[in-house]
Amino acid sequence: MSDTISWIATIATILGALLTASNLGSRTTGYGFCVFLVGSLSWLAIGVLTGQPALTWTNAVLTGLNLFGIWRWLGRQAKVEEGSRAASEASERAPGEALFPVSLLSRALVRGGEAEIGRCVNAMAGCSSGRLSYVVVSKGGIAGVGETLRKLPWSMATVEGETLVTSMNPTQFERLEQLPRDRWPAR
């Protein structure tokens, strides 16, 4: 029986790590913590069944941390994202300029015409004015390895739903300034 539980623990721990490390949004991260919870409970059972106090206590603590992660990502963060989505949708029907959640600029798909150009990873804004100067867009690579970062001026971008749209085509985008990971321009 302990062999079966240890395989469940192993698979759940690996799958939970994959889901949380993928950074695919609050729901996916929350589900990753749910899977981690299955793993920590399984390892806890193995610790108890085999008389391993260090394994038991480690996974008792990890179970608590996983419960906190579930609350954080499926509870609190999901509600925050629902609040920003509701405000964004309501602003489209209200007089004045439509709003979007600024957090979108750390994850949005970037599209030029019908082509996918890349993904937003961050944005730079003025400290006093709050005006956006540029968005940093990642293209290519796998999990950040081999990607290129480019500076997309905010004046060349608009937000449509969950997507950042630019009038640039992929060839024009490739001509934008390429940024090193650790030194972005001041302006």
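All of the points below concern the structure found in this document. (Residues numbered from 1 in each chain as written. Predicted model: local features only at pLDDT ≥ 70, side-chain atom pairs only at ≥ 80, totals over all residues. Heavy atoms only, no water.)

## Looking at the nonpolar core
- Residues Val110, Val135, Leu152 and Leu164 are the most contacted members of the largest nonpolar core, which totals 16 residues.
- For this core, the elements supplying multiple residues, two or more each, are β2 (115-125) and β3 (132-139). (Core = buried A, V, L, I, M, F, W, Y, C linked by side-chain atoms within 4.5 Å. Buried < 20%, exposed > 50% of the residue type's maximum accessible area, 1.4 Å probe, protein only. Helix = DSSP H or I, 4+ residues; strand = E, 2+ residues; numbered from the N terminus.)

## Quick look at a nonpolar patch on the surface
- Taken together, the side chains of Val61, Leu62 and Leu65 present a nonpolar region at the surface, about 260 Å² in accessible area.
- Examined against the element boundaries, valine 61 turns out to sit in helix α3 (residues 53-93).
- The class of valine 61 is exposed, set by a relative accessible area of 53%. (Patch = residues over 30% accessible without salt bridge, like charges linked within 9 Å, V, L, I, M, F, W, Y side chains within 5 Å. Areas by Shrake-Rupley, 256 points an atom, 1.4 Å probe, with all protein chains shown as cover. Salt bridge = Lys/Arg side-chain N within 4 Å of Asp/Glu carboxyl O.)

## Here's the deal with the packing of aromatic side chains
- Evaluation of the coordinates by the stated rule reveals three aromatic pairs.
- For the ring pair phenylalanine 33 and phenylalanine 36, a centre distance of 6.2 Å and an interplane angle of 55° mean the geometry is tilted. Pair noted here: phenylalanine 33 and phenylalanine 36 are both in helix α2 (residues 26-50), with a separation of three residues, about one helical turn. The same class applies to phenylalanine 33 and to phenylalanine 36, which are both buried.
- Centroid distance phenylalanine 68 to tryptophan 71: 5.8 Å. Interplanar angle 35°. Geometry classified as tilted. Highlighted residues: phenylalanine 68 and tryptophan 71, both in helix α3, separated by three residues, approximately one helical turn. (Phe/Tyr/Trp six-rings, centres within 6.5 Å; stacked < 30°, edge-to-face > 60°.)

## Considerations on α3
- Look at α3: 59 Å from first C-alpha to last across 41 residues, which is about the 60 Å you get at 1.5 Å a residue.
- The largest bend along α3 measures about 30° and falls at alanine 78.
- Within the sequence span of α3, burial applies to Thr56, Asn59, Thr63, Asn66, Gly69, Ile70, Gln77, Ala78, Ser88 and Ser91.
- Among the structural elements, α2 are those in contact with the buried residues of α3. (Expected span 1.5 Å × (residues − 1). Bend = angle between axes of the 7 residues up to and from the residue. Contact = heavy atoms within 4.5 Å.)

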